[in-house]
Amino acid sequence: MRTVWLLLAAAAALSAEPAGGTSCESLSKLALPHTAITDAQVVAAGEFVAPAGRGPAPSFKDVPSFCRVKATLTPSADSDIKIEVWLPVSGWNGKFQAVGNGGWAGIISYGPLGAAVRRGYAAASTDAGHVGGSASFALGHPEKLTDFAYRAVHETTVAAKAIIANFYGNGPRYSYWNGCSTGGRQGLKEAQRFPTDFDGIIAGAPANYQMHLHVWSVAVAHAMHKEPGSYIPPEKYPAIHKAAFEACDSLDGLKDGLIQDPTRCHFDPKVLECKDADSPACLTEPQVEAARKLYAPVKNSRTGVEIFPGMEPGSELGWAGLAGPNAAAVATDTFTYLVYKDPGWDWHTLNPDTDTARADKNDKGLIDAIDPNLKPFFSHEGKLIMYHGWSDPLIAPGNSVNYYGSVAKKMGGASKTADEIRLFMVPGMGHCGGGEGPNTFDMVSALEQWVEQDHAPEQIIASHSQNGTVDRTRPLCPYPQVARYKGSGSIDEAANFTCATPTAP
Ligand SMILES: [Ca+2]
């Protein structure tokens, strides 16, 4: 009997047919609304090779065997949403994880798909409805813009859940969203607009106030190029960075190369003004003015109302992202293709006062995801983890603090929302990762414990590595708490820190 059972089990494994489900190949015949499944094939363990994309190709060597389903979704006549759903052939953890995009997308997120399958998840990703990394797709294609704004993610989620249910014979026990940057925006949009799609959402460094974010991004370039002498060449970044730390590192009570709460740091780059000849160690007068503008929020010059927060002290080494020789294309695209619909639009002509209003009016909340009312998501028992690097040079981290604050305010105060939304600010981390601070952490486990065991994250351990060796660990704390040194033991070990509410300065 036992031999027969083993043979049957072996046969089932070979045909990739889970008990109660269907075979991988037969998913290609699955009929779903406005969905064409174009391919369904088993990929052997470690055999996946990502199509040539942007940036370095991730490794899939340790990704177990999965059923790879490709589909095209057409919720509108002009839609062309490509999706992939990856289903572990064995060892499925019974859960679903949808992974987010970056920038203007136009590409499937293969690396994060592999990471989810490695953990036993059935996973899904979309290209957000078009091919290519710019917003040029939107010219003359309002339906494709809607797909990018929110529809591609929602439709991917609906289709993926149906594909999962067919393959395994039952749907996922829990569904999660995991994204950063545009993926953070997508996660917040889901929480706001489709509150029952996910049980838990991880929204990192969200580009959720995209209209204002992109006004700020171009304003950073304006500050750098106000006059020929304003531009700060990257060889001067280290000197500014060092001066910022000299001014602020100790403010949190510990000189450790990290600024726990940069909002308490009032660093004036004037201290670096050249006394003699210009050199990489000092700033000329126009460069001092340019640096001051980078640290300041961009405001409406008439009303004084803040449009978007500024760079934080500590972010200097990454300034080239927005403060380079030209404005960043990811930001100018919003005005070129969405607001002015003019490929010849010149970023030098941006007027923060009038163009912010114009962009808001044009968007009407389509792409922007700033609705603070998460009551429906919370009523669905949804949990939301936000995180943002304090040294993020591409999306000012104050934006996450602002959105978190707006939700707390809408829901009646931070104490009322602590069981549903927590924000983890990451000292010394750049945009979605990198940087001098502990920048590697496991938000997925924290979210699983919160959703599945009602164990809210009191702290999340982050680590920093150099040449593959961990050289520092620290707790990340739910905002507004910060990690405080207990007073003894190594400052590179998380155990010697506790999360505490900062005392008034
Ligand atoms: Ca410090």
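Worth saying up front: this structure is predicted, and the values here are computed from it rather than measured.

The rules behind these values
Residues numbered from 1 in each chain as written. Predicted model: local features only at pLDDT ≥ 70, side-chain atom pairs only at ≥ 80, totals over all residues. Heavy atoms only, no water. 1 Å grid on protein atoms, 1.4 Å probe; cavity = no way out; pocket = protein on both sides within 12 Å on 5 of 7 lines; lining within 4 Å. Points joined across faces, edges and corners; volume = space filled by probe spheres on them. Nonpolar A, V, L, I, M, F, W, Y, C, P; charged D, E, K, R; others polar. Helix = DSSP H or I, 4+ residues; strand = E, 2+ residues; numbered from the N terminus. Donors = N, O, S within 2.8 Å, 3.2 Å for Na, K, Ca; no water. Buried < 20%, exposed > 50% of the residue type's maximum accessible area, 1.4 Å probe, protein only. Axes fitted to C-alpha atoms, helices over the stretch in contact; angles between N-to-C directions. Parallel < 35°, antiparallel > 145°, perpendicular 65-115°, else oblique. Contact = heavy atoms within 4.5 Å. Left-handed = near helix turned anticlockwise from the far one by under 90°. Pairing = 2+ DSSP bridges. Core = buried A, V, L, I, M, F, W, Y, C linked by side-chain atoms within 4.5 Å. Lys, Arg positive; Asp, Glu negative; His and termini not counted. Salt bridge = Lys/Arg side-chain N within 4 Å of Asp/Glu carboxyl O. Polar contact = N/O pair within 3.5 Å; in protein donor to acceptor, adjacent residues only side chain to side chain.

A. Broad picture of empty space enclosed by the protein. In the structure shown here, the tally under the stated rule is two cavities of 30 Å³ or more. When its volume is computed, the largest cavity comes out at roughly 60 Å³. Around the largest cavity, the lining residues are F245, G257, L258, I259, P262, P313, G314, W390, S391, G428 and E436. A class-by-class count of the residues in the lining of the largest cavity yields six nonpolar, four polar and one charged. For the second largest cavity, the calculated volume is near 40 Å³. If you go around the second largest cavity, the residues you meet are A98, V99, A124, S125, T126, V153, T156, T157 and W177.

B. Unusual backbone geometry, seen in detail. A cis amide bond, omega 10°, links Y479 with the succeeding residue P480. Within the secondary structure, P480 is located in the loop between β13 (469-476) and β14 (482-485). The phi torsion at A128 lies on the positive side, around 70°, for a residue other than glycine. Relative to the helices and strands, A128 is located in the loop between β5 (122-126) and α3 (142-168). Its identity as a non-glycine residue notwithstanding, D454 has a phi of 60°, on the positive side. Examined against the element boundaries, D454 turns out to sit in the loop between α14 (443-453) and β12 (460-466).

C. How the structure looks around the coordination of the calcium ion. In the first shell of the calcium ion, the protein supplies D249 (O), D249 (OD), D252 (OD), D252 (OD), L254 (O), D256 (OD) and L258 (O), at 2.3 to 2.6 Å from the metal. Judged by its relative accessible area of 14%, L254 is buried. For L258, a relative accessible area of 2% gives the class buried.

D. Broad picture of the packing of α3 against helix α4 (residues 182-193). The geometry of α3 relative to α4 is characterised by a closest axis approach of 10 Å and an angle of 70° between their N-to-C directions. When the interaxial angle is binned, α3 and α4 end up roughly perpendicular. From α3, F148, A149, Y150, V153 and H154 reach across to α4, where they touch T182, R185, Q186, K189, E190 and R193. Here the residues of the contact of α3 with α4 are counted per class, giving four nonpolar, three polar and four charged.

E. Geometry of the packing of helix α5 (residues 210-224) against helix α10 (residues 352-363). Across the interface, α5 lies against α10 with an axial gap of 9 Å and an inter-helix angle of 150°. By the criterion of interaxial angle, the relationship of α5 to α10 is roughly antiparallel. Relative to α10, α5 is oriented so that their crossing is right-handed. On α10, the residues that touch M211, H212 and V215 of α5 are P352, T356, A359, D360 and D363. By residue class, the composition of the contact of α5 with α10 is four nonpolar, two polar and two charged.

F. Main features of the sheet that holds strand β2 (residues 66-73). An order of β1-β2-β3-β5-β4-β6-β7-β10-β11 is seen for the nine strands of this open sheet, with the pairing classed as mixed. The sheet is open, and its two edges are formed by β1 (35-43) and β11 (421-426), each paired on a single side. Direction aside, the axes of adjacent strands within the sheet are offset by 15° on average. For strand β10 (residues 383-389) and β11, the ladder comprises six bridges, and the chain directions are parallel. Among the inter-strand pairings, G389 is bridged to a residue of β11, identified as V426. Set on the sheet, helix α2 (residues 110-118) makes contact with β2, β3 (81-88), β4 (95-99) and β5; between it and β3 the angle comes to about 25°.

G. Seen up close, the pairing of β5. For β5, the tally of buried residues reaches five of five residues, placing the bulk of the element in the interior. As defined by bridge partners, β3 adjoins β5 across four bridges and the pair is classed as antiparallel. Bridging across to β5, V85 finds its partner in A124. Sheet topology note: the β4/β5 ladder contains three bridges and is parallel. Counterpart to F96 in the pairing with β5 is A122.

H. Expanded view of the nonpolar core. In terms of nonpolar packing, the biggest core is built from 61 residues, with W216, I232 and W319 touching the most fellow members. For this core, the secondary structure elements donating two or more residues are α3, α5, α6 (237-248), α7 (285-295), β9 (306-308), α8 (320-323) and α9 (329-339). In this structure I232 touches M224, Y237, I240, L283, Q287, A290, A291 and W319, once residues within four positions along its chain are discounted. Core analysis: the second largest hydrophobic core is formed by 48 residues, C24, A152, F198 and V407 among them.

I. Structural context of the side chain of D249. Positionally, D249 belongs in the loop between α6 and α7. Comment: no salt bridge for buried D249; closest opposite-charge side chain is K255, at 4.6 Å. Of note is the side chain of D249, whose polar atom sits 2.7 Å from the backbone nitrogen of G257. In this view, D249 contacts A244, L254, K255, D256, G257, L258 and I259; residues no more than four positions away in its chain are not counted.

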